[in-house]
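# A structural walkthrough
Read off the chains here:
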Amino acid sequence: MWGWRRRGAGPSGRGAEELRARRREREAALRKARRQEQLVSKRLLREDTTAEEGGQDGAEIVPDPLSEDEVLELLRAVQRGSEDRKRSLSRLRWALQNKETQQKFVRLDGSIRTLIGIFTSSLADMQMEAARCLHELSHSSDPAVAEACLPVTSYLLTYLSGHSVEFMSPHEAVLEGLGYVLSQLLQAKEAPTEIIPLVLDSVLPQHMLRLVCSGLKAGIGAAVEFAWCLHYIVCSHTANAALLSLGALPALTSLLLDLASEIPQDAPEGLELLVCPVLRCLSNLLAEETGCEVQIQDERLLIALFLILQCFLQQHPFIVQECLWLLNNLTADEPFFCSALLSLDLLPALLQLLPCSQMASVLVLTVLCNIAEKGPAYCQQLHRQPALPLLLPTLALPDPEVVGQCLELLHLLFLHWPEAAADFVTQGGHRALEQHQSTPELQERARALLDMVRQPLGASAFSPCHTTLSAFS
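Remember, predicted model here, so these are calculated numbers, not experimental data.

## Structural notes on the overall build of the protein chain
- Secondary structure summary: the protein chain contains 29 helices and zero strands in total.
- Per-residue burial over the protein chain gives 54% buried out of 473 residues.
- For the protein chain, restricting intrachain contacts to residue pairs at least 6 apart in sequence, the fraction spanning at least 24 positions comes to 77%.
- Accessible area for the protein chain stands at about 21,000 Å²; split by element, carbon and sulfur atoms hold 51% of it.

Rendered as structure tokens:
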């Protein structure tokens, strides 16, 4: 028979604050790990040229390496300025998809200068081909090739800083390729010390923000690339104060509201490609310690997030994780969004995301922890919602990270609202906890929760004792 057992009271006030501090430390570590993971997430933008280059059925074919003489011949053909110059540039761009050819090309005297010269010319078609060549080089996994591209940075910044968004729009294809090259350079190890300071010293950040935020009007392709540029600048953790001072947070928030408003009607194709980096920028800017004084408080942002979730859940499930990261950062320290999520009755929609994926489960549970951490009134509202019945299947999952986050949530609920513990026992939750007493990474927390639920309702022993604190540190 399920029995009750008293425990001695512990240091209640200090204990709750200590738990909160430890949770914040874990959150900070999680965000840092995610920022590092995002920082190296390279993308390669290519037109579907496999057919014209000999590919079949959409399969990506890497060209064979050229000899040094062949590379030199291509370079000379590009330098001569003949009628076949564009064709030579196209052949060069195709050849530069091969790593060995890249290495041979950058070793040739004047090779990068030639591409820069064509790129800075007034011929849009030539500019586009040169940008594509630089794009292939900037994506190289060879550090020597990437380093050879560094002199391009100042020319990119000069070109971009000298144009308004309106003037750029007729050359969107050039701008899109340009944005991609810059996004690759912004991921280089030298970026925080050599490239990002150049960006900040120019008017480029203002132009990037304006272009990204006018993406639905000026062309979504270029907006996507410069949204990734902003994302990599944010991930570098060196320029966020400057971006915040330019109004990046309210500007990107307004953009997200606009994007969400497009979803039920005439959403342009590829909208999810813009939504993703915008979500990441907002999420990481909100995680900045220096950004608390410009914290946004607009409940429409929550509605926009759930509209985006509803729209992209089936076809583009990767957006779910990005939305949940932003929701996590919105609710981490700010009671406003925790209250808004409950008052707007968005909790059922959030709970429906629990089985989407492993990471989605962890993030949903983390958001719920953020809400429960705010105290008894919030835990009471969580208890009124159908949260506990949905947590029981989660406890039965074989994933220790998901179960561990679920135990964290239960601990906060039981701590701040003991009635939740009584209902948990009534629903058979104690049996789910008992199953984890032999799981090494979970057993200490499972036993601590079992001790909590075995206490009589209303007992002062629900204050966090030393054993409970150590189990959830």
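## What to know about the confidence of the model for the protein chain
- Across the protein chain, the average pLDDT comes to 79, with 77% of residues at 70 or higher.
- Of all helices and strands in the protein chain, the one with the weakest mean pLDDT is helix α9 (residues 165-168) (48), whereas helix α20 (residues 335-343) scores best (95).
- Low pLDDT, under 50, characterises residues 38-43; the predicted model gives this stretch 27 contacts beyond four residues in sequence or across chains.

## Details of the pattern of salt bridges
- Inspection of every chain in the model, using the stated rule, returns five salt bridges.
- The shortest N-O distance in the salt bridge between glutamate 322 and arginine 280 comes to 3.1 Å. With glutamate 322 in helix α19 (residues 318-331) and arginine 280 in helix α17 (residues 271-286), the pair connects residues that are 42 residues apart, well separated along the chain. Pair check on accessibility: glutamate 322 and arginine 280 agree, each one buried.
- Close ionic contact of aspartate 298 with arginine 300 constitutes a salt bridge, the shortest N to O distance being 2.7 Å.

## Points about helix α12 (residues 204-213)
- Along α12, seven of the ten residues are buried, which leaves the element largely enclosed by surrounding structure.
- By the burial criterion, the buried members of α12 are Leu204, Pro205, His207, Met208, Leu209, Leu211 and Val212.

## Quick word on the packing of helix α2 (residues 68-80) against helix α4 (residues 99-107)
- Close contact between α2 and α4 brings their axes to 10 Å; oriented N to C, the two are set at 60 degrees. Classified by the angle between their axes, α2 and α4 sit oblique to one another. When the axes of α2 and α4 are compared, the crossing they make is right-handed. Counting all contacts with α2, which are made through Glu68, Val71 and Leu75, the residues of α4 involved are Thr101, Lys104, Phe105 and Arg107.
- Residues that form the contact of α2 with α4 fall into these classes: three nonpolar, one polar and three charged.

## So, the packing of aromatic side chains
- One pass over the full model with this rule turns up three aromatic pairs.
- Taking the centre distance of 5.1 Å and the plane angle of 90 degrees together, the rings of phenylalanine 336 and phenylalanine 337 count as edge-to-face.

## Concerning α19
- For α19, built from 14 residues, the straight-helix expectation of 20 Å at 1.5 Å per residue is met to within 8% by its first-to-last C-alpha distance of 21 Å.
- Within α19, twelve of the 14 residues are buried, leaving the element largely enclosed by the surrounding structure.
- Listed in full, the buried residues belonging to α19 are Ile319, Val320, Glu322, Cys323, Leu324, Trp325, Leu326, Leu327, Asn328, Asn329, Leu330 and Thr331.

## A word on the nonpolar core
- Counting 146 residues, the largest nonpolar core has Phe105, Leu256, Leu350, Leu410 and Phe414 as the members making the most contacts within it.
- Considering each element in turn, this core owes the most residues, eleven residues, to helix α14 (residues 220-235).
- The residues touching leucine 410, leaving out its near neighbours within four places in the chain, are Leu388, Leu391, Leu395, Phe424 and Leu449.

## Some thoughts on the environment of glutamate 269
- Locating glutamate 269 in the fold gives a position in the loop between α16 (248-262) and α17.
- Distance from glutamate 269 to isoleucine 220, taken between C-alpha atoms, is 9.0 Å for residues 49 residues apart in sequence.

## A look at a negative patch on the surface
- Together, Glu68, Asp69, Glu70 and Glu73 line one region of the surface with negative charge.
- Topologically, glutamate 73 is positioned in helix α2.

## What to know about the packing of helix α23 (residues 376-384) against helix α25 (residues 400-416)
- α25 packs onto α23 with a crossing angle of 115 degrees between their chain directions and a minimal axis gap of 9 Å. For the element pair α23 / α25, the angle class is roughly perpendicular. The interaxial crossing formed by α23 with α25 has left-handed handedness. Counting all contacts with α23, which are made through Pro376, Cys379 and Leu382, the residues of α25 involved are Leu412, Leu413 and His416.
- The residue inventory of the contact of α23 with α25, partitioned by class, reads five nonpolar, one polar and no charged.

## Some points on the environment of leucine 282
- Counting through the fold element by element, leucine 282 comes out in helix α17.
- Along the chain, leucine 282 and leucine 330 lie 48 residues apart, while their C-alpha atoms are 9.6 Å from each other.
- When neighbours within four sequence positions are excluded, leucine 282 is seen to be in contact with Leu249, Leu252, Thr253, Leu256 and Leu326.

## Here's the deal with unusual backbone geometry
- Backbone geometry places aspartate 345, a non-glycine residue, at a positive phi of 60 degrees.
- Topologically, aspartate 345 is positioned in the loop between α20 and α21 (347-351).

Calculation criteria
By convention here, each chain's residues receive numbers from 1 onward along its written sequence. This being a predicted model, a pLDDT of at least 70 is required before a residue's local features are given, and a value of 80 or more before pairs of side-chain atoms are given or counted; all residues contribute to the totals for chains, interfaces and linings. In computing side-chain values, all of the structure's heavy atoms are included and hydrogens and water are not. Here a strand is any run of E in DSSP of at least two residues, a helix any run of H or I of at least four, and the numbering for each starts at the N terminus. Only protein chains enter the area calculation, which uses a 1.4 Å probe; residues under 20% of their type maximum are buried, those over 50% are exposed, and those in between are partly exposed. By definition, residues are in contact when any of their heavy atoms lie within 4.5 Å. Per-residue accessibility takes into account occlusion by the displayed protein chains alone, with areas from the Shrake-Rupley method and a 1.4 Å probe. pLDDT gives the predictor's per-residue confidence on a scale running from 0 to 100. We define a salt bridge as a contact between a side-chain nitrogen of Lys or Arg and a carboxyl oxygen of Asp or Glu at a distance within 4 Å. Between N-to-C directions, angles cover 0 to 180 degrees, with each direction set by a line fitted to C-alpha atoms, over the stretch in contact for helices. Should an angle fall under 35 degrees it is called roughly parallel, over 145 degrees roughly antiparallel, and 65 to 115 degrees roughly perpendicular, with every other angle called oblique. Put simply, a crossing is left-handed when the front helix is turned counterclockwise from the back one by less than a right angle, and right-handed when it is turned clockwise. Polar here means any residue outside two lists: the nonpolar Ala, Val, Leu, Ile, Met, Phe, Trp, Tyr, Cys and Pro, and the charged Asp, Glu, Lys and Arg; Gly therefore counts as polar. Each Phe, Tyr or Trp ring, with Trp reduced to its six-membered ring, pairs with another whose centre is within 6.5 Å; inter-plane angles below 30 degrees give stacked pairs, above 60 give edge-to-face pairs, and intermediate values give tilted ones. In this analysis, the expected span of each helix is defined as 1.5 Å times one less than the number of residues it contains. The term nonpolar core refers to a set of buried residues drawn from Ala, Val, Leu, Ile, Met, Phe, Trp, Tyr and Cys, joined through side-chain atoms within 4.5 Å. Residues qualify for a patch when their relative accessible area is over 30% and they have no salt bridge, like charges being joined within 9 Å and the nonpolar side chains of Val, Leu, Ile, Met, Phe, Trp and Tyr within 5 Å. Counted as positive: Lys and Arg. Counted as negative: Asp and Glu. His and the chain ends are not counted at all. To locate a charge, the coordinates of NZ of Lys, CZ of Arg, CG of Asp or CD of Glu are taken.

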